Amino acid sequence: MNRRHYVLGAATLLAAVSVPAIAQRGDDDGEFTILQARYGTDRNHVDVTDKLREFARRDRRVKLTNDLFGVDPDPGRDKYLRIYARDRDGRERRFDYPERAWIDGGQFTAWGGGRWGDQNYNGGWAGNPYRDQPHDDGGYTILSASYGNPGRDVDVTSRLRELARRDERFRMGNDTFGVDPDPGRGKRLIIVARGPGGRERSFEYPEGATVDGAQFVGWGRGNWGR
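**Examining the environment of Arg188**
With respect to the secondary-structure elements, Arg188 resides in strand β10 (residues 188–194). Each C-alpha atom, one on Arg188 and one on Ala209, is 9.3 Å from the other, the two residues being 21 residues apart in sequence.

Listed below in structure tokens is the structure:
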């Protein structure tokens, strides 16, 4: 092998080794490790951890539709995907996603790699270990919030702060912010926040979704926003 072929071969080998390593580091950037995922209602729900793992390996974001898991544990009623996870300090918390919501795997460790799930875990359906703890346990600090669609949205940071002071969780509807920036079209709440290491990321909530402030620092006190 001449020198030119040797250099090209080494570069190709380095690329083959380096790309998965970079992807691996990025995959581990999340703050929470999934223990279990369940789908359904308070009355009837099923374990969908393995099925969610399959979707996670295909895409970083998953839309929760009625037929996503191929099962309807409680026909005729609105259902939720409930993810139980543990943060880097060993504390557990719960993430709720209503039908039609987007699940962003960016906040979960090893989301795409599927290296999560605990067959022995049983957190029940209603339990939430973070419910009675201070809101400063969240991992993200809100910078701004907007409502609407691209090119037709409004800043709702102040209004969101008012809602946060009243309740840790609320369900977002058309009248939540008292404005309709894009009549006749479905709109979204976009929260921009800063996470560990100073990195910014966006949280997206469609109409009808439940906004849970437990993952945001200082949510109930409202001492956030640019």
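**Considerations on unusual backbone geometry**
Its identity is not glycine, yet Arg100 carries a phi of approximately 80°, on the positive side. Position of Arg100 relative to the elements: it lies in the loop between β5 (92–98) and β6 (102–104).

**A short note on the sheet that holds β5**
Read from one edge of the open sheet, four strands run β2-β1-β4-β5, paired in antiparallel fashion. Because the sheet does not close on itself, it has two edges, and the strands there are β2 (45–47) and β5. For this sheet, the mean inter-axis angle between neighbouring strands, taken without regard to orientation, is 30°. Alignment of strand β4 (residues 80–87) against β5, held across seven bridges, turns out to be antiparallel. Each bridged residue has a counterpart across the sheet, and for Tyr84 the counterpart in β5 is Arg94. Packed on one face of the sheet, helix α2 (residues 49–58) meets β1 (32–40), β2 and β4 and runs near 115° to β1.

**Here we look at the sheet that holds β10**
Sheet architecture is open: four strands sit in the order β8-β7-β10-β11, paired in antiparallel fashion. Strands with a single pairing partner mark the edges of an open sheet, and in this sheet they are β8 (152–155) and β11 (200–206). Between one strand axis and the next, the sheet turns through 25° on average, direction left out of account. Relative to β11, β10 runs antiparallel, the two being bridged by seven bridges.

**Some points on the nonpolar core**
When a protein is soluble and globular, its nonpolar side chains tend to lie buried together. One finds Phe69, Leu81, Ile83, Tyr97, Phe108 and Trp111 to be the most contacted residues of the largest nonpolar core, which totals 23 residues. Among the elements of the structure, β1, α2, β4 and β5 are those that each provide at least two residues to this core. Sorting elements by how many residues they give to this core places β1 first, with four residues. By size, the runner-up hydrophobic cluster in this structure holds 21 residues, among which are Tyr140, Leu163, Leu189 and Val211.

**Remarks on the pairing of β1**
Within β1, eight of the nine residues are buried, which leaves the element mostly enclosed by the surrounding structure. Relative to β2, β1 runs antiparallel, the two being bridged by three bridges. Residue Gly40 lies in a different strand from β2, and its bridge partner there is His45. Two successive antiparallel strands, β1 and β2, enclose a turn made up of four residues.

Criteria and thresholds
Each chain has its residues counted from 1, following the order in which its sequence is written. Local features in this predicted model are restricted to residues of pLDDT 70 or higher, and side-chain atom pairs are both shown and tallied only at a pLDDT of 80 or more, whereas totals for entire chains, interfaces and linings draw on every residue. Hydrogens and waters are ignored; side-chain quantities use all the structure's heavy atoms. Helix numbers and strand numbers start at the N terminus; a helix is a DSSP run of H or I with at least 4 residues, a strand a run of E with at least 2. Strand pairing is assigned whenever DSSP identifies at least 2 bridges connecting the two strands. A fitted line through C-alpha atoms represents every axis, and for helices the fit uses only the stretch in contact; the resulting angles, taken between N-to-C directions, go from 0 to 180 degrees. Any two residues whose heavy atoms approach within 4.5 Å at even a single point are treated as in contact. Each nonpolar core is a collection of buried residues, namely Ala, Val, Leu, Ile, Met, Phe, Trp, Tyr and Cys, held together in the definition by side-chain atoms within 4.5 Å. The buried label goes to any residue with under 20% of its type's maximum accessible area, the exposed label to any with over 50%, and the partly exposed label to all in between, with areas taken from a 1.4 Å probe on protein chains only.

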